[in-house]
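# Understanding the architecture of this molecule
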Amino acid sequence: MIQDIAPHIFSNQYENKKPSKSDYLLIFKENSILIKKNEEGIELPKVSDFEEIHAGREENYIYLFSIDTDNYFYIQNIEIEENGPWQYENLHGIRMEKPMWKVYAAAVGGQLRQWYENHQYCGRCGGKMIRHKAERAMTCHSCKNIVYPNLSPSVIVAITNKDKILLTKYAHGIYKNYALVAGYTEIGETLEETVRREVMEEVGLKVKDITYYKTQPWPFSGSLLVGYFAEIDGEDTVTLQESELSEATWFKREDVPKTTSTISLTNEMIEVFRDRDKFVRMQCS
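Computed from a predicted structure; not experimentally measured.

### Side note on unusual backbone geometry
Ala-6 connects to Pro-7 through a cis peptide bond whose omega is 10°. Its location among the elements puts Pro-7 in the segment before strand 1 (10-11). In the segment running from Lys-98 into Pro-99, the intervening peptide bond is cis, with an omega of -10°. With a phi close to 60°, Lys-162 is a non-glycine residue in the positive phi region. Relative to the assigned elements, Lys-162 resides in the loop between strand 12 (152-161) and strand 13 (164-170). Owing to a relative accessible area of 69%, Lys-162 belongs among the exposed residues under this scheme. Unusually for a residue other than glycine, Asp-209 sits at a positive phi of about 50°. As for its placement among the helices and strands, Asp-209 is situated in strand 15 (residues 207-218).

### Describing the sheet that holds strand 11 (residues 146-147)
Whether parallel or antiparallel, the strands of a sheet pair through hydrogen bonds between backbone atoms. Spatially, 3 strands are ordered 9-10-11 in an open sheet, and the strand pairing comes out antiparallel. The open sheet is flanked by strand 9 (129-131) and strand 11, the only strands paired with a single partner. Here strand 9 pairs with strand 10 (residues 138-140) via 3 bridges, running antiparallel. Each bridged residue has a counterpart across the sheet, and for Ile-130 the counterpart in strand 10 is Thr-139.

### Describing helix 3 (residues 191-203)
An ideal rise of 1.5 Å per residue puts 18 Å on 13 residues; helix 3 measures up with 18 Å between its terminal C-alpha atoms. When helix 3 is considered as a whole, its buried residues turn out to be Thr-194, Val-195, Arg-197, Glu-198, Val-199, Glu-202 and Val-203. In this structure, the buried residues of helix 3 make contact with strand 12, strand 13, strand 14 (181-184), strand 15, strand 16 (223-232) and strand 17 (245-252). Immediately beyond the C-terminal end of helix 3, within one or two residues, lies Gly-204, with a positive phi of roughly 65°.

### Some remarks on the packing of aromatic side chains
Within this structure, the stated rule accounts for 15 aromatic pairs. One aromatic cluster in this structure is built from Phe-10, Tyr-24, Phe-65, Tyr-72 and Tyr-104. The ring of Phe-273 carries the charged tip of Arg-253 above its face, separated from the ring centre by 4.2 Å.

### Things to note about the pattern of salt bridges
Overall, the coordinates contain 10 salt bridges when judged by the stated rule. Salt-bridge contacts for Glu-201 lead to Arg-197; the nearest nitrogen and oxygen are separated by 3.2 Å. With Glu-201 and Arg-197 both in helix 3, this residue pair falls 4 residues apart, about one helical turn. When the shortest N-O distance is used, the salt bridge between Lys-214 and Glu-268 registers 2.6 Å. With Lys-214 in strand 15 and Glu-268 in helix 4 (residues 265-274), this residue pair connects regions lying 54 residues apart in the sequence. When salt bridges with common partners are traced through the structure, they connect Glu-189, Arg-197, Glu-198 and Glu-201 into a single cluster.

How each quantity is defined
- Residues numbered from 1 in each chain as written.
- Predicted model: local features only at pLDDT ≥ 70, side-chain atom pairs only at ≥ 80, totals over all residues.
- Heavy atoms only, no water.
- Helix = DSSP H or I, 4+ residues; strand = E, 2+ residues; numbered from the N terminus.
- Buried < 20%, exposed > 50% of the residue type's maximum accessible area, 1.4 Å probe, protein only.
- Pairing = 2+ DSSP bridges.
- Expected span 1.5 Å × (residues − 1).
- Contact = heavy atoms within 4.5 Å.
- Phe/Tyr/Trp six-rings, centres within 6.5 Å; stacked < 30°, edge-to-face > 60°.
- Lys NZ or Arg CZ within 6 Å of the ring centre and 35° of its normal.
- Salt bridge = Lys/Arg side-chain N within 4 Å of Asp/Glu carboxyl O.

If you want it as structure tokens, here you go:
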């Protein structure tokens, strides 16, 4: 999956670092990131690539994380135009590019960038927020309110009916391939209650034998995805929630459409079901 970047090591521990010439820059414009492409995939700029533009403006650099010994910084409040091979590409559009560890850096950087941009002012008093010097947090200069990066827990549900699985397509958005029922956990819910509610809301089915599979951070939506398999409980007639889905179809194991992506929990779970032996081992573990 997208976070599986071994042998590279991702470290999100916050440090109050200053950039050096060899550090990476994540430069954003709306939902796009500045990159260049070569035969090996995408390349991210370094401080040395745009040093002349930012001299004396180090306060605009925000340390994000490291991968191996490389530090990654976000540039805030500075507009950078496309320059030669450096072009803006939509974040969602590069998620199938290589190398995966640079794609993951871009995605997590985009998630943190959105958080910083959304918390420039205090939600309690409207005062100006400033960056905390010792931890990943924003502090209100007026009322001292402290805000930390937030994650949205959500579920991915593979609904099965013996040798069949229910695959869906979203009614909106840019992702047009088959997916699984998914949704955010509401206040006061357990994750298992979210599974039952989302399945009933989106496809009008009851489920049982809800079995935990795996989690995945999904930086494109700021979510922590929790994957479950669940067996249908009763009739298998689908009642489609058309505001959310355009399709929900039962597929026999041998007819499940092949997935080409390996970055998402959704596709991994579909592939687990496709392989009968893997699916049986998962249920027995």
